[in-house]
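Below, each chain spelled out in residue letters.
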Amino acid sequence: MNFNTRLKEEIEFADVRYKDLAEKSGVAERALYNYVATKNPSMPPADVAVKIAHALGLSVEYLVTGETAAVQAPQVDAHKFHKYASLLDKIDSLSERQKHLVQAIVAEFSTY
């Protein structure tokens, strides 16, 4: 899957209008349509891809490549690990898309 297809799917998955995404990301609505065009889609510059990814709650790496970055796991004490082990197992069994959604939800809650 390429960038334009992935972007279109993520916009549909987020159930967001192009107008709203344009306002949230600061990227012109017409440019967004050009990035998801079926014929001759354009590829945004890196800074624009970052804005779009953040507005959709995704990493730019995922939006551009479909891959997630390998991140070194933080040190967790044994008690906390056992407390959340079953939750971690369930998260691990999710698709990459579902994991991104869970990550976005947790990130949103962590700002409160």
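As a starting point, this report considers the structure included with it. (Residues numbered from 1 in each chain as written. Predicted model: local features only at pLDDT ≥ 70, side-chain atom pairs only at ≥ 80, totals over all residues. Heavy atoms only, no water.)

## Observations regarding the packing of helix H2 (residues 18-25) against helix H4 (residues 46-55)
Now for step 1: With their axes 9 Å apart at the nearest point, H2 and H4 run at an angle of 115° to one another. One element, H2, and the other, H4, form an angle in the roughly perpendicular class. When the axes of H2 and H4 are compared, the crossing they make is right-handed. For the pair formed by H2 and H4, the contact residues are Leu-21, Lys-24 and Ser-25 on the first element and Lys-51, Ile-52 and Ala-55 on the second.
Now for step 2: Tallied by class, residues from the contact of H2 with H4 come to 3 nonpolar, 1 polar and 2 charged. (Axes fitted to C-alpha atoms, helices over the stretch in contact; angles between N-to-C directions. Helix = DSSP H or I, 4+ residues; strand = E, 2+ residues; numbered from the N terminus. Parallel < 35°, antiparallel > 145°, perpendicular 65-115°, else oblique. Left-handed = near helix turned anticlockwise from the far one by under 90°. Contact = heavy atoms within 4.5 Å. Nonpolar A, V, L, I, M, F, W, Y, C, P; charged D, E, K, R; others polar.)

## Considerations on the pattern of salt bridges
Now for step 1: Scanning all chains against the criterion turns up 4 salt bridges.
Now for step 2: A salt bridge links Arg-97 to Glu-10, with the nearest nitrogen and oxygen atoms 3.8 Å apart. Here Arg-97 is found in helix H7 (residues 96-110), whereas its partner Glu-10 is found in helix H1 (residues 3-14), with 87 residues between them in sequence.
Now for step 3: What makes Arg-97 partly exposed here is its relative accessible area of 27%.
Now for step 4: Residue Glu-10 is classed as buried on the basis of its relative accessible area of 6%.
Now for step 5: Across the salt bridge formed by Lys-99 and Glu-96, the nearest N and O atoms sit 3.6 Å from each other. Placement of both Lys-99 and Glu-96 in helix H7 is noted, with a separation of 3 residues, approximately one turn of the helix.
Now for step 6: With a relative accessible area of 36%, Glu-96 lands in the partly exposed category.
Now for step 7: Put simply, Asp-92, Glu-96 and Lys-99 are held in one network by salt bridges that share partners. (Salt bridge = Lys/Arg side-chain N within 4 Å of Asp/Glu carboxyl O. Buried < 20%, exposed > 50% of the residue type's maximum accessible area, 1.4 Å probe, protein only.)

## Thoughts on the packing of aromatic side chains
Now for step 1: Counted under the stated rule, the structure contains 1 aromatic pair.
Now for step 2: Arranged with centres 4.3 Å apart and planes meeting at 20°, the rings of Tyr-18 and Tyr-33 form a pair that is stacked. Taken as a pair, Tyr-18 in helix H2 and Tyr-33 in helix H3 (residues 29-35) lie far apart in primary sequence, 15 residues in all.
Now for step 3: On the basis of relative accessible area, Tyr-33 is assigned to the partly exposed category, the value being 34%. (Phe/Tyr/Trp six-rings, centres within 6.5 Å; stacked < 30°, edge-to-face > 60°.)

## Describing the side chain of His-100
Now for step 1: Among the secondary structure elements, His-100 is positioned in helix H7.
Now for step 2: Its relative accessible area of 6% is what places His-100 among the buried residues.

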